[in-house]
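Fold and contact review
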Amino acid sequence: MSSILVAEDLSAVGGISLSAAVPVLTALQYDVAALPTSLLSTHTSGYGRPAVVDLADWLPRVFQHWTQAQLNFDAALIGYVGSVELCQQLTTYLTEQPLALLVVDPVLGDLGELYSGFDQHYVEAMRQLIRHADVILPNVTEASLLTGRPYTSQPDLAATLRALATLMGPKGHAVITDAVQDDQIGCAWLDETGQVAFVGQPRLPGHYNGTGDVLAAVIAGLLGRGFSLTRSLELASQWLNLAVAETLAQHRSDPRQGIALGALLRAILTVD
Ligand code: ATP
Ligand code: MG
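A short tour of the structure in this document, coming up. Since we're looking at a predicted model, the values are computed, not measured. (Residues numbered from 1 in each chain as written. Chains lettered and ligands numbered in written order. Predicted model: local features only at pLDDT ≥ 70, side-chain atom pairs only at ≥ 80, totals over all residues. Heavy atoms only, no water.)

Some words on the overall build of the protein
Looking only at helices and strands, one finds nine helices and eleven strands in the protein. For 272 residues, the compact-globule estimate of 2.2 N^0.38 gives 19 Å, and the C-alpha radius of gyration of the protein, at 17 Å, lies within 12% of that figure. In the protein, buried positions account for 51% of the 272 residues. As displayed, the protein offers around 12500 Å² of accessible surface, 51% of which is attributable to carbon and sulfur atoms. (Helix = DSSP H or I, 4+ residues; strand = E, 2+ residues; numbered from the N terminus. Rg over C-alpha atoms; globule rule 2.2 N^0.38 Å. Buried < 20%, exposed > 50% of the residue type's maximum accessible area, 1.4 Å probe, protein only. Areas by Shrake-Rupley, 256 points an atom, 1.4 Å probe, with all protein chains shown as cover.)

In structure tokens, the structure reads:
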């Protein structure tokens, strides 16, 4: 068993972020260290204002304890962090760890806008974190915010990916997670020859909470298991399509709930 640290918000209701990442990574056969970066009564889409606990006082104590207890992780996945202070705390801790893999989903915004509560200082703190990452998983908005390139929903992927690469170490890979080609949605990255590669699946109707979080957990989990970047992204894209299709088929009464995970978990358990 490998161990993976997953750090992101824990929203009690809504089935996204940490609540979704833990079952995915458990199915991928990891010992999971689930570190909430903040606690929310619900996620932030559609329930009104959640009750939030900021964990900036707790995180340094966690890291101190883990260091004392000589706990190390093979891999780490970082999702929603939430404040400059937390981002810096995480960056410091992670750079002191002998991680074989660091995957960062630089959660900053969507549809061309920063999420509420974030500003340019936060974007800069995220730039510092991704310097140390092996793989980053921005959506189109986050790619624009990180690189400073103007937002458009369908940017020049080659130029954007090259600009992202300059923000990372020499072995880092940037993957844009909501790239659109024809009627497909999927992942775009630069292959070994510097050309844009794309894997996608048909875009299904609707918008769903938590797709990005589940995608990141699948990709980090597969990479940590030794799958190539290309194979990891192919499988992740197929499985996300399966999950969105299952969600649609359930005709859910509450559209705020994150995507269905049953079919995806079954697919994970049959992979080798
Ligand atoms: P989030 O808003 O959750 O952070 P994101 O902006 O990072 O997500 P998404 O747009 O959710 O990224 O896309 C992540 C992946 O989810 C896509 O690559 C795709 O595999 C899948 N996906 C998202 N929406 C759909 C859809 N409507 N139909 C099919 N697949 C989808
Ligand atoms: Mg995202």
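Some points on the site of ligand 1
Around ligand 1 sit 15 residues, and of these Asn139, Thr177, Leu204, Thr211 and Gly212 come closest. Within the backbone of threonine 177, an N or O atom sits 2.7 Å from an oxygen atom of ligand 1. A distance of 2.4 Å is found between an oxygen atom of ligand 1 and a side-chain nitrogen or oxygen belonging to threonine 211. Protein burial of ligand 1: of its 620 Å² of free accessible surface, 91% is covered by the chains. If you list the elements that add at least two residues to the shell around ligand 1, you get strand S9 (173-181), strand S10 (184-190), helix H7 (211-224) and helix H8 (229-249). Among the elements that make up the shell around ligand 1, the one with the highest residue count is H7 (three residues). For the shell around ligand 1, the class distribution of residues is six nonpolar, six polar and three charged. (Near = heavy atom within 4 Å. Polar contact = N/O pair within 3.5 Å; in protein donor to acceptor, adjacent residues only side chain to side chain. Nonpolar A, V, L, I, M, F, W, Y, C, P; charged D, E, K, R; others polar.)

Examining the side chain of threonine 42
Within the element layout of this structure, threonine 42 appears in strand S2 (residues 30-42). Non-local contacts of threonine 42, meaning those with residues more than four positions away in its chain, are made with Ser11, Val13, Tyr47 and Pro50. (Contact = heavy atoms within 4.5 Å.)

Overview of the sheet that holds strand S11 (residues 196-202)
The nine strands lie next to each other as S3-S2-S1-S4-S5-S8-S9-S10-S11, forming an open sheet whose pairing is mixed. Each edge of the open sheet is held by one strand with a lone partner, namely strand S3 (52-54) and S11. In the sheet, S2 pairs with S3 via three bridges, with the strands oriented antiparallel. If you follow leucine 39 over to S3, its bridge partner there is valine 53. Sheet contacts for H7: strand S1 (2-13), S2, strand S4 (75-78), strand S5 (101-104), strand S8 (135-136), S9 and S10; angle to S5, the most-contacted strand, approximately 165°. (Pairing = 2+ DSSP bridges. Axes fitted to C-alpha atoms, helices over the stretch in contact; angles between N-to-C directions.)

Looking at the pairing of S10
Judged by how many residues are buried, S10 sits mostly within the fold: five of seven residues are covered. For S9 and S10, the ladder comprises five bridges, and the chain directions are antiparallel. Bridge pairing in S10 places isoleucine 176 opposite alanine 188. Sheet analysis places S10 next to S11, joined by seven bridges and oriented antiparallel.

Side note on unusual backbone geometry
Even without glycine at this site, glutamine 29 takes up a positive phi of about 70°. Tracing the chain through its elements places glutamine 29 in the loop between helix H1 (17-27) and S2. Even without being a glycine, glutamine 70 presents a positive backbone phi close to 55°. Looking at where glutamine 70 falls in the secondary structure, it is placed in the loop between helix H2 (58-68) and S4. We classify glutamine 70 as exposed; its relative accessible area is 67%.

Details of the pairing of S4
For a regular strand, side chains alternate in direction, first toward one face of the sheet and then toward the other. By the alternation rule, side chains of S4 split into Ala75 and Leu77 and Ala76 and Ile78, which are all buried. As paired elements, S1 and S4 share four bridges and run parallel to each other. The residue of S4 that forms the bridge with leucine 5 is alanine 76. Where S4 meets S5, four bridges bridge the pair, whose relative direction is parallel. Directly across from alanine 76, in S5, lies its bridge partner leucine 102. Tracing the backbone out of S4, into helix H3 (residues 84-95) and back to the parallel element S5 gives a crossover that is right-handed. (Right-handed = clockwise from strand over helix to strand, strands pointing away.)

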